[in-house]
Amino acid sequence: MQVHRVSRQYVIRKLLIMIPSLLGISIVLFALLAMAPGDPFDELATNPAVPPEVRAALRAKFGLDDPIWMRYWHWLFALMQGDWGFSFVSRMDVSTLIMQRLPVTLVVIGASQILAIVIAIPVGVLAATRPYSLFDQIANTFAFIGFSLPTFFTGLVLILVFSIQLDWLPFVYRADITATGWAFYWEHIKQSIMPVTVLGLFQGAALVRFVRSSVLDVIRLDYVTTARSKGIGERKVITRHVVRTALIPVVTLVALQMPIVFSGAIVTEQIFRVPGIGSLLITSMLSNDTPVVMGVTFVSACLVVVFNLIADILYGWLDPRIAFR
Amino acid sequence: MALFSAFALGLILFGVLAGPLIWRVPINEIDFAAKLQGPSWAHPLGTDDLGQDLLSRLIYGGRISIAVGFAAMVVAIFFGVLVGAVAGMSSGRVDAALMWVTDLFLSLPQLPLLLLVIYLFREPVKGVLGVEGGAFVLIVAVIGGTRWMSAARLVRAQFLSLREKEFVEAARALGASRIRQVTQHILPNALGPVIVVATIDVAAAIIAESTLSFLGLGFPSDVPTWGSVLRDAKDYLDIAPHWALFPGSLIFITVLAINFIGDGLRDALDPRRVL
């Protein structure tokens, strides 16, 4: 498999396709917000100290009486300019708040995806080279168990075993570690082990089955038989010829699973109190902080779209048949 | 494996449905003398921090969790089949638009969207339908409304190939109306894979409901479901681990059994698939 250059046209086309989906997402979010009952000026309506004329003037000033498409337009414009509103609870701009929390989430998600891939590829390939063997059946059973276990339950069980019974790992993620040098990094790694494991195992379980079926699809192709008949060792046929081709759809799947990973990240962040955007979403929902809720939902939707784009470009880069179609 | 799972699921269903007839302890009887106790004869699964009996709470919670699972599946499959059938029968612009919407929904992050809708609409729906009914309707609608996409794509793909088959053509030649073609000829033949997806959707919906309740945005604590019992239990993990382990294992076993059944159905309903 030779890596070739992706044509610029292909990338630009994919970038342009991204715009309608981002617009679509913003329409869905705005429609939800607009359909939801509740008026920001309700409080003023019941306050006798505010005369009705003042209320009407305020409504006109903030554009609440405008037709819906104009309100959407203003909202979208503010969103694009980075004006995401102000958090009532944290007393800071929503964009600053999200930017503070986002790196932690990305690190946890990235580490758990790497863990999932590291587990899934060898297990899936081994299972596919010996279909219906004992190993295959055990791997399949564990994969089923892995994605039937809800992340919140695995998280609690891990806390129960490793923090409470064995007392090896801390179960609350702390951002204010005072240690310096190597100890600092060690503390960070120690507190990330459980959240990353929970997410990684869940993802890995789903990936194993996919890797297995993808390898099984490829292993019967003629070029693999050709490679074998040329006298290349079985091991080399698998690693050099089969796996390389079989992994192309897996790359796409890893990126396309991002929505599910985000759902898992929200739960794990909540269990382990990881200060990422997932726990920010939940805490701001429980404290009725609507600007933050809207901001986080939009950011996670955008991240998913971006990952879809990355998947498309990687796919075109790995598989020359795609880019020129 | 699928048969064994069907047996396990049947056992859980029977326990949940017939349980209240056999185990008559009320779900909200508070007894501080017996709080946070482990399993015993008086309370086979122990008690929670208010001394409420966990067995009866889990039986009651199981009814809600499983009911939500099935109801959300029905909603998802209904919309999925509807969208897929319309898209599959009408090629061209309608098809393209429907598939664009489907892809858009597929690329939305599901849990944040679920949480957002519940966050925005929780209070008004509660006002109309009461605490428990409101939460039930809202959760079912939202889970069903965000899970119809895979069924829609599947049904569309089935329709695209089935509508060109000879037997449909024969029906068309005999003057069958479009609706009759769809309901009498195409849909029954497209149902196999849809049943598999429906089974797996039940499992996913149960997990989604438990996740929402666990995060504190599903059913309130005074309505026990498996997820909300687990949420209350998570702060007492060190002194009362049984409280969290029982509901968690019930969710796990139910979901695992449903997934195995779905896998068995896939093998049974799709003989062409070799893998």
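Residues numbered from 1 in each chain as written. Chains lettered and ligands numbered in written order. Predicted model: local features only at pLDDT ≥ 70, side-chain atom pairs only at ≥ 80, totals over all residues.

Caption draft 1: Molecular detail of the overall build of chain A. Across its full length, chain A holds 14 helices and two strands. Counting all 325 residues of chain A, 35% fall into the buried class. At a minimum sequence separation of 6, the contacts of chain A that also span at least 24 residues come to 72%. (Helix = DSSP H or I, 4+ residues; strand = E, 2+ residues; numbered from the N terminus. Buried ≥ 20, exposed ≤ 12 C-beta atoms within 10 Å, placed from the backbone. Contact = placed C-beta atoms within 7 Å.)

Caption draft 2: Representation of the overall build of chain B within the structure. In terms of regular secondary structure, chain B is built from 10 helices and zero strands. Walking chain B from its N terminus toward its C terminus, one meets helices and strands in the order α-α-α-α-α-α-α-α-α-α. Every one of the 275 residues in chain B was classed for burial, and the buried ones make up 46%. Considering only residue pairs separated by 6 or more positions, chain B has 70% of its internal contacts joining residues 24 or more positions apart.

Caption draft 3: Structural context of the packing of helix 9 (residues 222-229) of chain A against helix 10 (residues 234-256) of chain A. All names here are of chain A. Where helix 9 contacts helix 10, the two axes come as close as 10 Å, and the packing angle between them is 150°. Between helix 9 and helix 10, the angle falls in the class roughly antiparallel. You can see that helix 9 and helix 10 cross each other, and the crossing is right-handed. Contacts between helix 9 and helix 10 involve Val224, Ala227 and Arg228 from the former and Val237, His241 and Val242 from the latter. A per-class count over the contact of helix 9 with helix 10 returns four nonpolar, one polar and one charged. (Axes fitted to C-alpha atoms, helices over the stretch in contact; angles between N-to-C directions. Parallel < 35°, antiparallel > 145°, perpendicular 65-115°, else oblique. Left-handed = near helix turned anticlockwise from the far one by under 90°. Nonpolar A, V, L, I, M, F, W, Y, C, P; charged D, E, K, R; others polar.)

Caption draft 4: Examining the interface of chain A and chain B more closely. Contacts between the two partners involve 38 residues from chain A and, on the opposite side, 36 residues from chain B. Those elements that provide at least two residues to the side of chain A that touches chain B are helix 1 (8-35), helix 6 (134-148), helix 7 (151-165), helix 8 (181-219), helix 11 (258-272), helix 12 (277-286) and helix 13 (290-318) of chain A. Counting residues per element, the side of chain A that touches chain B draws most heavily on helix 13 of chain A, at eight residues.

Caption draft 5: Inspection of the environment of A:Phe202 at higher detail. Residues and elements named next belong to chain A. Turning to its location among the elements, Phe202 is positioned in helix 8. On the basis of neighbour count, Phe202 is assigned to the buried category, with 24 C-beta atoms found within 10 Å. Filtering out sequence-adjacent residues up to four positions away, Phe202 remains in contact with Gly146, Phe147, Thr151 and Gly264.

Caption draft 6: Molecular detail of the confidence of the model for chain B. Residues and elements named next belong to chain B. When pLDDT is averaged along chain B, the result is 80; 86% of the residues meet or exceed 70. The least confident element of chain B, judged by mean pLDDT, is helix 1 (residues 2-22) at 76; the most confident is helix 2 (residues 54-89) at 87. Overall fold confidence (pTM) sits at 0.82, and the ipTM for the predicted complex is 0.76. (pLDDT = per-residue confidence, 0-100.)

Caption draft 7: The arrangement of unusual backbone geometry in detail. Residue and element names in this part refer to chain A. Notably, Arg273 is not glycine yet its phi reads approximately 50°, a positive angle. Within the fold, Arg273 resides in the loop between helix 11 and helix 12. For Arg273, a count of 16 C-beta atoms within 10 Å puts it in the partly exposed group.

Caption draft 8: How the structure looks around the packing of helix 8 (residues 178-214) of chain B against helix 10 (residues 241-269) of chain B. All names here are of chain B. Their axes nearest at 8 Å, the elements helix 8 and helix 10 cross at an angle of 170°. The orientation of helix 8 relative to helix 10 falls into the category roughly antiparallel. Residue-level contacts link Gly192, Ile195, Val196, Thr199, Ile200, Val202, Ala203, Ile206, Ile207 and Ser210 of helix 8 to Ile251, Thr254, Val255, Ile258, Asn259, Ile261, Gly262, Leu265, Arg266 and Leu269 of helix 10.

Caption draft 9: Just helix 6 (residues 149-162) of chain B, in detail. All names here are of chain B. Along its 14 residues, helix 6 runs 20 Å from first to last C-alpha, staying within 8% of the 20 Å computed at 1.5 Å per residue. Along helix 6, the residues that are buried comprise Met149, Ala151, Ala152, Arg153, Val155, Arg156, Gln158 and Phe159. On its buried face, helix 6 sits against helix 2, helix 3 (93-106) and helix 8. (Expected span 1.5 Å × (residues − 1).)

Caption draft 10: Layout of the environment of B:Ala151. Residue and element names in this part refer to chain B. Following the sequence through the fold, Ala151 ends up in helix 6. Distance in space between the C-alpha atoms of Ala151 and Asp201 is 9.4 Å, their sequence separation being 50 residues. In contact with Ala151, not counting residues within four places along its chain, are Ala76, Ile77, Gly80, Val81, Gly84, Val194 and Val197.

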